[in-house]
2 protein chains.
Amino acid sequence: MTATIRDVADRAGVSVATASRVLTASRKVSAELAARVNEAARSLGYRHNAVARALRRGTTNTVGMIVPEIGNPFFPAIVEAVERHLQGKGRDLFLCDAQQDIAIERHRVLALLGRQVDGLIIVPVSATASRASLEEAAQRTPVVQVDRYVEEYPADWVGVDDDLGIGLAVEHVASLGATNVVFVSALLESSSARQRHAGFERTMRRLGLPIGSQQLLGDFRAEWGRTAALQILARKPLPHAVVCGNDEIAVGVLGEFRRQQVRVPEDILVTGFDDIRFAALADPPLTTVRQPHEQLAAECIRLLDARMVDGDTPVQRIAIAPSLVVRESTGGHS
Amino acid sequence: MTATIRDVADRAGVSVATASRVLTASRKVSAELAARVNEAARSLGYRHNAVARALRRGTTNTVGMIVPEIGNPFFPAIVEAVERHLQGKGRDLFLCDAQQDIAIERHRVLALLGRQVDGLIIVPVSATASRASLEEAAQRTPVVQVDRYVEEYPADWVGVDDDLGIGLAVEHVASLGATNVVFVSALLESSSARQRHAGFERTMRRLGLPIGSQQLLGDFRAEWGRTAALQILARKPLPHAVVCGNDEIAVGVLGEFRRQQVRVPEDILVTGFDDIRFAALADPPLTTVRQPHEQLAAECIRLLDARMVDGDTPVQRIAIAPSLVVRESTGGHS
DNA sequence: ACACAAGGGGTAAACGTTTACCCAAACAGC
DNA sequence: GCTGTTTGGGTAAACGTTTACCCCTTGTGT
């Protein structure tokens, strides 16, 4: 089929060693031979076989990344930032989607590991059930977790301080006079869900606000936001504010409120989390907690590089403080 | 580091051939030996090296996919559908982002080809400039294009009939009385942009409507929608309708109109294209042209499989007719 | 003239699998 | 008891690279 290095060597009338040396510039070769080899390679349309190279070298100049669900717009944003940071070093990124399923996640981990990626960036599906996959990955290649992490297993992580972030949102609505606040988020499966939930309770308690049965937990999707909004409307009185676990949920909540003629922010305040591209374009524009993609990606690559250089470097968990972006959904002006 | 099949064979006291046969179930092996081998593999934590296997077998059970920009929510939706359709056959999908850059796209193509993917699904960045990459890919592995295609190069494609789709949108607003219609879309780089643009002009002409300088072309992002909206407002009179090249643009247009106190649909009609998740949640909910993800993905995999079975099967271009989803941005009720 | 280093070429072994080929034993049919 | 087939094992070659090692030539300093 496609030409091998042996074909190139034959046509150039040199040994495969020389051909290889020319093509990878791994050693000095006389100008004349180099020209012959390059010409041969060009005329044959030679492309090196990365598989063979990987087998021999044991390294691939590729990093793998696994996200829980590519359809959640927060993840593509992170992926783009990571890509940009990988760009400089000429490394490739192979991305996989775990479809929110730990069995698929495991499959993807094994697929990437088997393909000898030089490192793995993972946003684990579950704070507990993803442990086996993570553990296996970590003992075979450098791994760093982003955004979400696996509990009780020491592996590098970089993310935003979810607890603090939700705190900012709660404090914000409280400062606007809200005392009856409901929290709409996802079931406590992922670390993000857990941390944000914990942050909500802690802050409410700190501010002396009642918690009661004010928590609706489903998943991180807009559809759940709609459902939750209906549940909120079903039981009177209307709370003062809805703090959402992420922007998708918040957008769903806003959509349903609009449909039900509930005015935001006049009748009720709404906040999100992540600051996805769409948050600023929602109606009303969404007050949210911004995740600094670029910084996250930068730290992530830094950690990965550090661990690639020295696998025994101490485990780090880097929590970056997020910031609140006030928009009209809590009365801010845009 | 990690155990090889030789380690397993040694520990089980068999030859590597037998070990391989047990582990891949490629030939009958006595129950007793099989048990010994499996136990050895288990206790050593053996994982087959996919790189070595790929080199030997020349096949990887993996398909690669390249999208122009993972941040555009239409692509993740397609990716998810493709994943679902790949699921059954246990094949892995490695996804790459071309960052709207044909140089990066080329790099990704080569990376995937070099890794011996069994097939490639690509949404080419450019209708013309992606040709070299596509051509190279096509002569090395089965390739199918989705959504966008490269012009003047025969390769399988499956997508929606963009031309027809825009026609539906234009006819719809025309049926509501619009005669002054402006088209906001992307520069004519990708086939989608070209087809949709052509569809707009053709339909306008067919309906006897004036085209004039009613076309604003930028890129497929919301930010451009905002800018375009401002340009539209700058020159009076306000047109009757804005037909957008995709939903992201439309959402940007809606956002800016809202900010500028222009009422949709009362003052002006707006339509999008794609029916991304967010379209139904925009304010007002967006009338748009729906792309049938599942069908696209199903056809895509079907084409890929066909070509994997027989590389000489005739090239097919499958255009699926999209449908119009009427929502409030053109006065529909939700 | 001689020792010695440097430059530039080739040979062949590795990387970890899978599999074509070979062979011994067991077994069936007569 | 003999032949032919099936079953289940091993040996070693391949997949396409890279690179350790070796060797010959040439240049250089004395």
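Data block above holds the structure.
Quick notes on the rules
- Residues numbered from 1 in each chain as written.
- Chains lettered and ligands numbered in written order.
- Predicted model: local features only at pLDDT ≥ 70, side-chain atom pairs only at ≥ 80, totals over all residues.
- Heavy atoms only, no water.
- Helix = DSSP H or I, 4+ residues; strand = E, 2+ residues; numbered from the N terminus.
- Buried < 20%, exposed > 50% of the residue type's maximum accessible area, 1.4 Å probe, protein only.
- Expected span 1.5 Å × (residues − 1).
- Arc of directions from axis to C-beta.
- Contact = heavy atoms within 4.5 Å.
- Near = heavy atom within 4 Å.
- Polar contact = N/O pair within 3.5 Å; in protein donor to acceptor, adjacent residues only side chain to side chain.
- Nonpolar A, V, L, I, M, F, W, Y, C, P; charged D, E, K, R; others polar.
- Pairing = 2+ DSSP bridges.
- Axes fitted to C-alpha atoms, helices over the stretch in contact; angles between N-to-C directions.

**With respect to unusual backbone geometry**
Cis peptide bonds are those with omega within 30 degrees of zero, and the linkage from Lys236(A) to Pro237(A) qualifies with -5°. Tracing the backbone through its elements, the reader meets Pro237(A) in the loop between helix 10 (222–234) and strand 8 (241–244). Here the amide bond leading from Val264(A) into Pro265(A) is cis, since omega sits at 5°, within 30 degrees of zero. A positive phi angle, near 50°, is found at Gln99(A), a position not held by glycine. Given the relative accessible area of 24%, Gln99(A) is considered partly exposed. Unusually for a residue other than glycine, Gln261(B) sits at a positive phi of about 65°. Within the element layout of this structure, Gln261(B) appears in the loop between helix 11 (247–259) and strand 9 (269–271). What makes Gln261(B) exposed here is its relative accessible area of 68%.

**Section: helix 3 (residues 31–44) of chain A**
All names here are of chain A. Here helix 3 is 14 residues long and its end C-alpha atoms lie 20 Å apart, about the 20 Å a rise of 1.5 Å per residue gives. Of all the positions in helix 3, only Ala 34, Val 37, Ala 40 and Ala 41 are classed as buried. The buried residues of helix 3 occupy an angular sector of 130° when the element is viewed end-on, so they sit on one face. Turned more than 90 degrees away from the buried face of helix 3 sit Ala 31, Glu 32 and Arg 42, all of them exposed. Where helix 3 is buried, its residues touch helix 1 (5–12) and helix 2 (16–24).

**Quick word on the protein's contact with DNA strand C**
Inspection of the region around DNA strand C gives 27 residues, with Thr18(A), Arg27(A), Ile5(B), Arg53(B) and Arg56(B) positioned closest. Within 4 Å of the protein, atoms of DNA strand C come from sugar and phosphate in 56% of cases. Residue Ser20(B) places a side-chain N or O atom 2.7 Å away from a phosphate oxygen belonging to DNA strand C. Looking at side-chain class alone, the surface near DNA strand C contains 9 nonpolar, 8 polar and 10 charged residues.

**With respect to the environment of Glu201(B)**
Here Glu201(B) shows up in helix 9 (residues 191–206). Sequence-wise, Glu201(B) and Phe183(B) are 18 residues apart; in three dimensions their C-alpha atoms are separated by 9.2 Å.

**Considering the sheet that holds strand 7 (residues 215–218) of chain B**
Residues and elements named next belong to chain B. Read across the open sheet, the 4 strands follow the order 7-6-8-9; overall the sheet is parallel. At either end of the open sheet lies a strand with only one pairing partner, and these are strand 7 and strand 9. Averaged over all pairs of adjacent strands, the angle between strand axes in this sheet comes to 15°, irrespective of strand direction. Here strand 6 (residues 181–186) pairs with strand 8 (residues 241–244) via 4 bridges, running parallel. Note on strand 8: the bridge partner recorded for Phe 183 is Val 243. Those strands touched by helix 9 are strand 6 and strand 7, and its axis lies near 170° from that of strand 6.

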